Every structure is written in structure tokens, then in C-alpha cells.
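Observations on chain architecture
What follows is the residue order along each chain.
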Amino acid sequence: MVTLKELTGFKDIYTIDSDGIPIFKTYLAGEWVGSKEIENIKSPIDLTVYARIPKLNYEMVDNTLSILYNRGRWAIRDLPGEKRLKIYHTLADLIDKYREDFVEVLMIGNGKTKGAAQGEVNAAIERLIRADLDVRKLYGEYVPGDWSSESLEAEAIIRREPLGVVLAITPFNYPLFDIVNKLVYSTVAGNAFMLKPASSTPLPAIMLAKLLEIAGFPKEALAIITVPGSEMDKIVADKRISVISLTGSSETGEHVMKVAGLKQYVMELGGGDPAIVLDDADPKTTAQKIITGITSYSGQRCDSIKFIFAEPKVYEELKNYIVEELKKVKVGDPRESDTIMGPIIDTRTVDEFEYAVKDAVEKGGNILYGGKRLGPTYIEPTLIEIDKEKIKDLYLYKKEVFLSIAVITKVNNIDEAIELSNGRRYGLDAAIFGNDITKIRKLIRMLEVGAVYVNEYPKHGIGYFPFGGRKDSGIGREGIGYTIENVTAYKTIVYNYRGKGVWEYL
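Residues numbered from 1 in each chain as written. Predicted model: local features only at pLDDT ≥ 70, side-chain atom pairs only at ≥ 80, totals over all residues. Heavy atoms only, no water.

All right, on to the sheet that holds strand 14 (residues 273–277) then. Within the open sheet, the seven strands sit side by side as 16-19-20-15-14-22-23. Their pairing is mixed. Edge positions in the sheet fall to strand 16 (366–369) and strand 23 (451–454), since each of these pairs with one other strand and no more. Averaged over all pairs of adjacent strands, the angle between their axes in this sheet comes to 25°, without regard to strand direction. In the packing of helix 10 (residues 312–327) onto the sheet, contacts are made with strand 14, strand 15 (305–310), strand 16, strand 19 (382–385) and strand 20 (405–410), and the angle to strand 20 comes to roughly 160°. (Pairing = 2+ DSSP bridges. Helix = DSSP H or I, 4+ residues; strand = E, 2+ residues; numbered from the N terminus. Axes fitted to C-alpha atoms, helices over the stretch in contact; angles between N-to-C directions. Contact = heavy atoms within 4.5 Å.)

Dropping the structure here:
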């Protein structure tokens, strides 16, 4: 049975229930609050309850939003930028200080291996330290009026201003880094920040709020709302929210936009990326990179490789190497040092995995490796081979199945690979492996995706290189210095000097 160790840096934001399970409070504009209604949080390792959090009602959120809108957005905007940066750096130091607490929660709550949990903590720290790079997109412009006869005696400055209140909605898979990322680009621009964390992994958000409080973040400009996604419609539609930044499924993103109406949006949605392997690629090295792209965090990543389109000369050797590499992947308890793939976040996703495998087999697919459920929340990493003529009928092709399952298909040329890649509703990333620069350049030009990785598996990292989707994979870009454009607005100020004697000496 999984239990949460004592979190040494956060003892004052939770109490221990009668059955030994910690009950956490959440942070609403300067107040740590509980609720009459409590939600159980289960570990994907064995589905035992390891924590409880308050389930907020609408009135609590409404009152909090009033504080953020009326006072919080001005409190953060009036805080000098240098002090915001200092808060981020202090927060980075605090996360490092309480690193083991975060690693514990990421392992228990997400089923991450220790190495993956450490990596997420490191990414969050680095993102905070590099907040200064976001500032480069906050400066305005000067526009002279003397290029038009109607504005000869005028000039303008173009400012970038915060929009007010940003609502961030984050997924389960990176519950520390995704929050830090959205926090930085939203608040460095001067917006108040309301966060709705994933219901299955809320603790990193609550813990981060405690450290932000210690770091001196303006109290009235921050809130962590622990509300089920099914009860968010009235909140996302609130006119006091100017921006919604959501990372999640395409279906969720589309629903939020329909309900919320006219706002600014940053939407990083569904993916599942193709890897296109050219005849001149090194099959062994390529297979190793593809395996990492398939199995990293059990495939529960929007940039996980889900399709492999390989040219004829490399196909058989590549396929054999991939199968050999899959055999080396140990599935099990993420707390064990030799585990590579831990559990899936919930049983429903594993049910979908079983359905997708059955669907592929019924439509002519051949399971080269895996295909089995190993427990309520564990699966074998899976590779399915299918003819290119049948691939578009697959459930796996039409939907993003969020775990370690990939389809491999032989294509005669890159034109077929382009057609199959672009035929999906998603367009997040693509990977190309090979050396033929003519083919590579054509693929780069023709693939309908937000990012192309050449001789590397897709990985978004901390956002040094901007990422985001086309088609049903989202709108806007996440990335240092790029997302600022979606959480700020231009304001044009025109100065008219006509009749003031400005030009009388010309």
C-alpha cells in the first residue's frame, strides 16, 4: 500500500486524517482554506488513496476571482519587474531546498521514476531562472507619423500591457513544470494568476503556492482552485478572466473555447507524433531514440512518438532493432531503481489501450511486441505493424491514445509519409531521421506541424525552442519569450502636435 512520506517543508498546510491520510488546504488570494467537501487523490502505483484535498464550491471561486480582478491584477502589475524576477529566483532556490518533497509527490502521485521526477524538478528550477528571457518580448515600439500625410504631425508609441487575470488549466503529466511555466510567462507580464490543476495530481500546485507565499509573491494575485473539470464551465466563461492557458486534450480545449467565448487563448492540445525514417538513417541509433520517444513517462506525453513511417531499405532492420530495444524496457513500480516504465495515471486510459490494440488487430495489425495489460494501471510498451493502406482506419490514427503504444508502417517514399502524417487531425511535432538533405528539406516544408526535430525524438524541454500545434493540436505557442504575446495586449498611444507649433521652424 502506497503512503506519502512526511513533507518536511509543508507541514502547516495539511493535517492528518483519522486514517493517517493527509488532508491538504489550498491557497485562495492570501488565505489557506479547506472545505466541507473533500476529494480523495489516488496513486496510480496501486490505486490507494494517499492524500485528500478540498473540493471548492463556486461561491469560493467567485469570491477569489473578485479579489484577483479588483486588487490582485494591480498588485502584480505595480510590482517592479526586477522584484518579480527576484521572486522567481527565490522560488527556484526554495524548490531546490525542498526537492525531495517534490520528488516524493511526483513518484507517488504521478508514478514517475525517481530520475523522471528529478528531471521535472530541474526543469522547473531552470524555467524560473530563465524568466529574464521572457522580458525581451515585453518592450514596445515607436512609430513615426511622417510617413503619411494624414499623420505628419503625430507620432505613436506601442505598449505591451498585461490583460488582467490568466486562468491556467494544467494536465496531470507535468504537474510541477507546467505550472511553473505558465506562472512565469503570465506573471512576468504583470497578470494575476488563477490555477486549476489536474484533479488527479494537485499536490505540486498546492506546495508551489506555499513556496510562492514564502518568496513574497503578491498574495492577492494568486489562487489555486481545486475544482473538478466537470464544474469549470461557469468559471471559464467569467468575463473577469481575460486569458485561458490550457494544456490538455483537443476535446477539452474545443469545449473550453466554446463555453468561454471571446478571450485570449494559449492551447497546447492533443498530439502523438510521427517519426519519419529515411533509407539512409542509422537504424540502431534511430531505434534507440524512437524507443525513448515512445516509452518516456509511459508515453503519457503530448510529444510522444506514436507512428513510425520508414522507407523500404531501412524498414526491416529498424523494426528489428525497435523490438529488441522494447524487450529491455522494465515495467513496474517507479520507486524501484531499474524501472523504466511506471504506471498509467488511471484505469480508464488502460481500458482505451486494450480497445485500441483490439481494434488494430481486427483491422489487420500485427503485434510485434507488447499489447498486454499487466495490471489495473500497467501495460506492456507496444509496437503494432500495419500496411499503409489500412492505417487510416485505426482508432490509434484517429485518436491520441495517451500511453506507450506505437504503429510502424513501411512507406515507399517520403510523399507517402507526408500524406499519412498530415492526414491525422493532430499537428504537434514530427521527427525525421536520416541524412538526405533534399528529402529533409521537403519534409520540413510539407509537414503540417508546429515543430520538426531532425535526428532527434520530439521533446519540448523547458521551452527554449517554442512549441505548439497546428490543426487540432492547439493555438499559440509555449516557449520562453513567445507565449508573452498571448497574455498581453498591444496599446497604441498617438500624440498629435498639430497646431502646437512643432513644425513652424521646418
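Across the sheet, which stays open at both edges, the three strands sit in the order 7-8-26 with antiparallel pairing between neighbours. The sheet is open, and its two borders are formed by strand 7 (141–144) and strand 26 (488–496), each paired with just one other strand. Across this sheet, the average inter-strand angle for adjacent strands is 20°, counted without regard to direction. Bridge count between strand 7 and strand 8 (residues 154–162): four bridges; the pairing is antiparallel. Along strand 8, the bridge assignment pairs V143 with A156.

Before going further, it helps to spend a moment on unusual backbone geometry. The phi dihedral of A29 is positive, around 50°, even though this residue is not glycine. On the basis of relative accessibility, which here comes to 11%, the residue A29 falls in the buried class. A positive phi angle, close to 55°, is found at N455, a residue other than glycine. (Buried < 20%, exposed > 50% of the residue type's maximum accessible area, 1.4 Å probe, protein only.)

A few words on the packing of helix 2 (residues 81–97) against helix 4 (residues 114–129). Taken N-terminus to C-terminus, the directions of helix 2 and helix 4 make an angle of 165°; their axes are 8 Å apart at the nearest point. Judged on the interaxial angle alone, helix 4 and helix 2 are roughly antiparallel. As helix 2 runs across helix 4, the sense of the crossing is left-handed. Residues Y88, H89, L91, A92, I95 and D96 of helix 2 pack against V121, I125, L128 and I129 of helix 4. (Parallel < 35°, antiparallel > 145°, perpendicular 65-115°, else oblique. Left-handed = near helix turned anticlockwise from the far one by under 90°.)

This next bit is on the packing of helix 3 (residues 99–110) against helix 4. Relative orientation of the contacting elements helix 3 and helix 4 amounts to 125°, with a least axis distance of 9 Å. Classified by the angle between their axes, helix 3 and helix 4 sit oblique to one another. As helix 3 runs across helix 4, the sense of the crossing is right-handed. Together, R99, E100, F102, V103, L106 and M107 of helix 3 and K114, A117, Q118, E120, V121, N122 and I125 of helix 4 make up the contact between the two elements.

Moving on, we come to the nonpolar core. Judged by nonpolar contacts, the single largest core of 94 residues is most densely connected at F24, I95, L167, L203, I225 and I244. In terms of residue count, the dominant contributor to this core is helix 6 (residues 203–215) (nine residues). Once you skip the residues sitting within four places of it in the chain, I95 turns out to touch F102, V121, I125, L128, L208 and L211. Core analysis: the next-biggest nonpolar cluster, separate from the first, contains 57 residues, I276, A281, L396 and L403 among them. (Core = buried A, V, L, I, M, F, W, Y, C linked by side-chain atoms within 4.5 Å.)

Here K439 lies in helix 14 (residues 437–446). Placed 149 residues apart in sequence, K439 and I290 show a C-alpha to C-alpha distance of 20 Å. Setting aside residues up to four positions removed in sequence, K439 forms contacts with L278, E311 and I414.

Let us look at empty space enclosed by the protein. With the rule as written, the count across this model stands at three cavities of 30 Å³ or more. Those elements that place two or more of their residues in the lining of the largest cavity are strand 14 and strand 21 (426–427). Classifying every residue of the lining of the largest cavity by side-chain character gives four nonpolar, four polar and four charged. Roughly 50 Å³ of internal volume is contained in the second largest cavity. In terms of lining residues, the second largest cavity is bounded by K306, F307, L396, K399, E400, V401, I405, A406, V407 and R424. Where the lining of the second largest cavity is concerned, the elements lending two or more residues are strand 15 and strand 20. If one sorts the elements of the lining of the second largest cavity by residue count, strand 20 sits on top with three residues. Its residues placed into classes, the lining of the second largest cavity shows six nonpolar, no polar and four charged. (1 Å grid on protein atoms, 1.4 Å probe; cavity = no way out; pocket = protein on both sides within 12 Å on 5 of 7 lines; lining within 4 Å. Points joined across faces, edges and corners; volume = space filled by probe spheres on them. Nonpolar A, V, L, I, M, F, W, Y, C, P; charged D, E, K, R; others polar.)

Just distances and angles here, no functional claims.
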